[in-house]
Every structure is written in C-alpha cells, then in structure tokens.
Amino acid sequence: MSNVTGRAAARLAERIAPLMRRAHDTADDPVKSPRTAVVVGRLLATAFLVCFATGLYSHVLQHPASWLVLPTRPVELYRFTQGAHVISGIAAAPLLLAKLWSVFPNLFTWPPVRSLPHLLERVSIAVLVGAALVEVTIGLLNIVQWYPFPFSFRTTHLALAWVVIGGLSIHVGVKLPVIARHWRRRDEDRHGTSDAAGRVISRRGFVTAVGAAAASAVVLTAGQSVDALAPMNVFAPRRMGVGPQGLPVNRTAAQAGIAPAAVGPAWALEVHSSAGTRAFDLDALRRMPQTDVVLPIACVEGWSQSASWRGVRLIDLLATAGAEPGGPLVFTSVQAEGAFARTTMPPEYARDPLTLVALELNGSVLHLDHGYPARVIAPGRPGVMQTKWLRAIEVTA
Ligand code: HEM
Ligand SMILES: Nc1nc2c(c(=O)[nH]1)N[C@H]1C(S)=C(S)[C@@H](COP(=O)(O)O)O[C@H]1N2
Ligand SMILES: [Mo]
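For every chain, the first residue of the written sequence is number 1, and numbering continues from 1 onward in sequence order. In the order they appear in the text, chains get letters beginning with A and ligands get numbers beginning with 1. At least 70 in pLDDT is required for a residue's local features to be given in this predicted model, at least 80 for side-chain atom pairs to be given and counted, and no such filter applies to totals for whole chains, interfaces and linings, which use all residues. The side-chain numbers reported here are obtained from all heavy atoms of the structure, hydrogens and water having been left aside.

Our focus in this paragraph is the UniProt feature "transmembrane region" (unreviewed entry) in the chain. UniProt positions are given in the numbering used here, feature names are shortened, and annotations may be inferred rather than shown by experiment. UniProt tags residues 39–60, 80–104, 125–147 and 159–180 as "transmembrane region" (unreviewed entry). Secondary structure elements are defined from DSSP: runs of H or I of at least 4 residues count as helices, runs of E of at least 2 residues count as strands, and each element is numbered from the N terminus. Spanning residues 39–60, this segment combines 100% helix with 0% strand, and its end C-alpha atoms are found 32 Å apart.

Moving on, we come to the site of ligand 1. In the vicinity of ligand 1 lie 25 residues, with Gly 55, His 59, His 85, Arg 154 and His 157 positioned nearest. Each polar contact in these results corresponds to two N or O atoms within 3.5 Å; when the atoms are within protein, one needs to be able to donate a hydrogen and the other to accept it, and residues that are neighboring in sequence are counted only if both atoms are side-chain atoms. Within the side chain of His 59, a nitrogen or oxygen atom sits 2.7 Å from an oxygen atom of ligand 1. His 85 is positioned with one of its side-chain polar atoms (N or O) 2.7 Å from a nitrogen atom of ligand 1. Elements supplying a minimum of two residues to the shell around ligand 1: helix 2 (34–62), helix 3 (77–103), helix 4 (116–143) and helix 5 (153–182). When residues of the shell around ligand 1 are assigned to their parent elements, the largest contribution, seven residues, is made by helix 2. Nonpolar residues are Ala, Val, Leu, Ile, Met, Phe, Trp, Tyr, Cys and Pro. Charged residues are Asp, Glu, Lys and Arg, and all others, Gly as well, are polar. Here the residues of the shell around ligand 1 sort into 13 nonpolar, nine polar and three charged. The rule for a residue being near a molecule or strand is that one of its heavy atoms must lie within 4 Å of it.

Attention now moves to the coordination of the iron atom of ligand 1. At 2.0 Å from the iron atom of ligand 1 lie its protein donor atoms, namely His 85 (NE2) and His 157 (NE2). Because water is not among the atoms used, a metal site may look incomplete, as its donors are only the N, O and S atoms within 2.8 Å, or 3.2 Å for Na, K and Ca. Geometry is assigned from the angles between donors: four donors with all angles from 85 to 135 degrees make a tetrahedral site, four or six donors whose opposite pairs exceed 155 degrees while the rest stay between 65 and 115 make square planar or octahedral sites respectively, and everything else is labelled irregular. Metal-centred angles of 83 to 179 degrees between the six donor atoms at the iron atom of ligand 1 mark the site as octahedral. With a gap of 72 residues between them, His 85 in helix 3 and His 157 in helix 5 connect regions that are remote in the sequence. His 157 matches His 85 in its accessibility class, with the two residues each being buried. Burial classes: relative accessible area under 20% of the type maximum marks a residue as buried, over 50% as exposed, and values in between as partly exposed (1.4 Å probe, protein chains only).

Patches here: salt-bridge-free residues with over 30% relative accessible area, like charges joined within 9 Å, nonpolar side chains (Val, Leu, Ile, Met, Phe, Trp, Tyr) joined within 5 Å. All accessible-area figures derive from a Shrake-Rupley calculation using a 1.4 Å probe, and residue coverage is judged against the displayed protein chains alone. For salt bridges, the criterion is a side-chain nitrogen of Lys or Arg within 4 Å of an Asp or Glu carboxyl oxygen. The grouping of Val 113, Leu 116, Leu 119, Leu 120, Val 123, Val 127 and Val 163 at the surface amounts to a nonpolar patch, some 570 Å² of accessible area in total. Ranked by the residues each element gives to the nonpolar patch, the list is headed by helix 4, at five residues.

Centre distance within 6.5 Å is the pairing criterion for rings of Phe, Tyr and Trp, where only the six-membered ring of Trp is used; planes under 30 degrees apart are then read as stacked, over 60 as edge-to-face, and the remainder as tilted. On inspection of all chains with the given rule, the structure shows five aromatic pairs. Between Phe 149 and Phe 151 the ring centres are 4.8 Å apart and the planes differ by 15 degrees, which places this aromatic pair in the stacked class. Members of the aromatic cluster, each reached through a chain of ring pairs, are Tyr 147, Phe 149 and Phe 151. Lying across the ring of Trp 101, Lys 32 places its NZ or CZ 4.3 Å from the centre. Only Lys NZ and Arg CZ are tested; either one counts as a charge over a ring when it is within 6 Å of the ring centre and within 35 degrees of the ring normal.

This part takes up the pairing of strand 8 (residues 342–345). Alternating residues of strand 8 divide into Thr 343 and Met 345, all buried, and Arg 342 and Thr 344, none buried. In this structure, strand 7 (residues 329–333) lies alongside strand 8, joined through four bridges in antiparallel fashion. Each residue of the ladder has a partner; that of Thr 332, found in strand 8, is Arg 342. Note on pairing: two strands pair once DSSP finds at least 2 bridges between them.

With that settled, the discussion passes to the site of ligand 2. Every one of the 20 residues lining ligand 2 counts as a neighbour, but Pro 248, Arg 251, Gln 335, His 370 and Lys 388 are closest to it. In this structure, Ser 333 approaches ligand 2 through a side-chain N or O atom, which is 3.2 Å from a nitrogen atom. Within the side chain of Lys 388, an N or O atom sits 2.6 Å from an oxygen atom of ligand 2. Taking 530 Å² as the accessible area of ligand 2 by itself, protein coverage stands at 100%. Residues of the shell around ligand 2, tallied by class, amount to nine nonpolar, seven polar and four charged.

Per the counting criterion, the structure on display carries six salt bridges. Its salt-bridge partner being Arg 73, residue Asp 352 comes within 2.5 Å of it at the nearest N-O pair. Of the two residues, Asp 352 sits in the loop between helix 10 (347–351) and strand 9 (356–361) while Arg 73 sits in the loop between helix 2 and helix 3, which places them 279 residues apart along the sequence. Taking the relative accessible area as the measure of exposure, Asp 352 reaches 6% and is therefore buried. On the basis of relative accessibility, which here comes to 41%, the residue Arg 73 falls in the partly exposed class. Two residues, Arg 310 and Asp 292, come together in a salt bridge whose shortest N-O distance is 2.5 Å. Here the residue Arg 310 occupies a position in strand 6 (residues 304–313), and Asp 292 occupies one in strand 5 (residues 291–298), the gap between them amounting to 18 residues. Within this structure, Glu 76, Arg 79 and Asp 227 form a network of salt bridges that share partners.

Looking now at the environment of Gly 311. Along the chain, Gly 311 falls in strand 6. For Gly 311, a relative accessible area of 0% puts it in the buried group. Counting along the chain gives 66 residues from Gly 311 to Ile 377, while the straight-line C-alpha distance between them is 9.6 Å. Contacts were defined at the residue level, with two residues in contact if any of their heavy atoms lie within 4.5 Å. Here Gly 311 is in contact with Pro 289, Gln 290, Thr 291, Leu 356, Val 357, Ala 358 and Leu 359, once residues within four sequence places are set aside.

To get an axis, a line is fitted to the C-alpha atoms, and for a helix only the part in contact is used. The angle between two axes follows their N-to-C directions and goes from 0 to 180 degrees. Packing of helix 4 against helix 5 brings their axes to within 8 Å, and their N-to-C directions diverge by 140 degrees. Judged by the angle between their axes, helix 4 and helix 5 are oblique. Considering the relative orientation of helix 4 and helix 5, their crossing is left-handed. Of the residues belonging to the contact of helix 4 with helix 5, the class tally is 15 nonpolar, seven polar and three charged. Angle categories: roughly parallel below 35 degrees, roughly antiparallel above 145, roughly perpendicular from 65 to 115, and oblique for all the rest. Note: crossing handedness is left-handed where the near helix turns anticlockwise from the far helix by less than a right angle, and right-handed where it turns clockwise.

Below is the structure:
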C-alpha cells in the first residue's frame, strides 16, 4: 500500500518538478538578486520597527497600566510618534511589494521542502508575508476611515504587529549569513546586467525606483501631520487648516448625534468627586480665570495640527469643586453612544497646567463640531481622548 502511494508521489513529483523549474526561471531576472532583497529588506525592516515601537506607544497611551506615569511633555510627542507611525506605514506599502517581487522566484523552489529546518523556515516566511500584507492593508484602509472587514481593527492590528515582528526576527536570524554577505555593495552589484533578450537591467535602477515610489507616497501624504509638507498633501484624507476655525474635524456634532438642545442654555458641566457634585454652567466657566495654550490635536489616524485653545485649567476647575485628582478621571460626553462618549484620563494629565476645559479655539468660541460648549484638551494625548461636548467629569481619589 505504502509502496503504491510512494510511487504515485514520485510520479507526481516528476511531473511538477519541471513546471516549478520553468516557473522559477520565468519569474527570475538579474534584478531579483540577494543584494536587492537585502537593500529593500533593510528599508522595510526599518519601517516595520518604527511602526511597531510607535504603535505600541499609541496602545499604551490608550490603555495605560495604573503603575505607569505617562509623559505629558513634549506636548507634541504623540503627534510625532503617531505621525511617524503612519508615515512609515505608508512607506512600507511600496517597499513590501518590491521586497516580495524581488524574492518571488523563490516561491518555486524545488524540492519544496529539503529538511525540517527548511520546512520551518518556509512556514515562518509564509506567516510573515501573510501577516505583513494584512497589517499594511488594514492600516491603509483605517487611515481613510474605511472598515470593510468584519473584525475589530485595533485588536487585529495589534495581534498581527506581534506576529510580524516575531516573524521578522526569525527571518532575519535565519538569513543573517546572506544579509551579512550582501550588506555592502560588491563588484557584481555595481553594474547593470543584460537579460536573454539583451535588455539592460540595473539593480540600482530598481532600488532607486522603489525608493522614489516610497518617498513620493510619503511626500504626498505626510503633510497631514508635518507642517512643512502641508502644501504637498494631495492624497491624505485630512488637510491642515481645512475645517471650521481652521482645524479639521474628525467627527461632526451631527455624526455624533449631538442634539442642539443638549448643548443649549440648560447645559452645565458636572464635577463629581468625594466632595460631592458641582455643576458649572457656561457663564460660570467663563467667569473663571482663562488660560491660553497651544496644543495639537493628534489623531490616531495620523493627521494632526497645532491650535490655540482658551479655557479653564482643569486643575483649577477641580480645585473649585473641592476635588483632588488621585486616580483616573472619567470624562463623559453629551454624545450618548460610541467609543468616545466616555474616556479615562490618568491623573498626571489632570495635574498638568496645560490641560484645559477649552471654551475657545483659535480666537473664537468653540464651533459645535469642535465640541461646543466645552471640550478637554491635554498635552501629549491621542486625539481620541480629547473628549468633545463635555457633560461630566468624575474624579476618583
Ligand atoms: C508592519 C507594520 C505595522 C505595525 C507593526 C503596526 C503596529 C501597530 C500597533 C502595535 C498599533 C497599536 C494598536 C493598538 O492601539 O491596539 C498600531 C496602531 C495603528 N496603526 Fe499600525 N502598524 C503597522 C502598519 C500600519 C500601517 C501601514 C498603517 C497605515 C498607514 C497603520 C496605521 C495605524 C493606525 C491608524 C493605528 C491607530 C489605531 C487606533 O488606535 O485606533 N499601521 N499599529
Ligand atoms: N465626544 C467625542 N469626542 C471626540 C470625538 C468623538 O467622536 N466624540 N472624536 C475624537 C477624535 S478621534 C479626535 S481626532 C478629536 C478631533 O477633534 P476635532 O474634531 O475638534 O479636530 O476629537 C476627539 N473627541
Ligand atoms: Mo482621532
């Protein structure tokens, strides 16, 4: 019996082997050399590592451990890290495609498995490639606010980040000898080669073209977070300076279901603490000492912009209400539903003198879409935590 299957397998292999060899040769060309794979791979690995570090930072800011004191300075730190995350992510897309193209002929390796280590290596690369493609694709879909997939973006993106970085570590470890051999340019890498049809193919030309593609993708989108590049922002979903009061809006009052009556004359901001409940209507807030700060809105989706805010220092408001921030504070929005209707703020932000209950933006009363009558603005925090249309603040000791 085993003899029969053995012979069938051998005959099948005999048929497949030449097909695989032909596929390999068709896909192969002088550009797809180990040197190309190493040069593109270095850029891609750098982009992935920047994404991983800044992505984890973003995660920690949104899910802080109670023992961790988060930095409130520099005020633009999160603007910088999340800007770098999305910039590196965008650069990673063309680099990933180029990298896969440069190693594509290896898909037709024959025999497919030579040994147990070879099997493990191929499986780890399959996992790495799959995870990286999905990670980059859903990341790009997220920044254009399109969620055609049925799973939670953040949970999947975070889990795949570990898979990608784990797979990348194994891959680099296994390939270390090849990487070392081709780290520096060698004589045979220097010149173009001619293929069978006599066309000159230059590895450096390919790598330059890939670099140019990645650089263009960055330059034409990074203006959503980098002021100097703002004029060249053609493809990013948000434009600096475009929106009410010169600042983009992520979710409008209408989209958040804010009823005008809920933010009308009857509106008041409640502060709950062990000292009891105090309510501040808009006039009461306006009569308190006002502070001006310049702080960015830095959206997790990668757009950001600095703005001038004016309002009541949170720490002053809490003191007036007799509250002392010992533990996390809970902010509730007039918005009834959605992930941002309630947010939590570690006490280090509440104690920072730059953290405001803002009433004005860029010189005039907050636009309804920016959170009228009052919104929170704190240094170094992701935009999602800068709760608009405030209704209540709960202070825990
Ligand atoms: C290998 C590449 C990547 C890695 C390792 C990576 C890693 C991460 C990690 C760990 C997070 C935090 C997730 C969380 O808060 O639970 C994150 C968030 C995010 N990533 Fe990536 N990422 C990559 C590529 C991309 C790309 C290509 C884009 C888009 C251009 C992107 C856009 C985002 C966005 C918008 C968030 C914020 C999600 C949120 O908090 O709502 N990422 N990323
Ligand atoms: N109540 C509430 N607050 C919110 C949001 C929201 O949807 N609802 N969006 C948040 C997000 S994701 C960002 S980036 C900022 C954007 O602030 P802006 O619209 O004033 O620019 O508001 C945050 N505050
Ligand atoms: Mo955001």
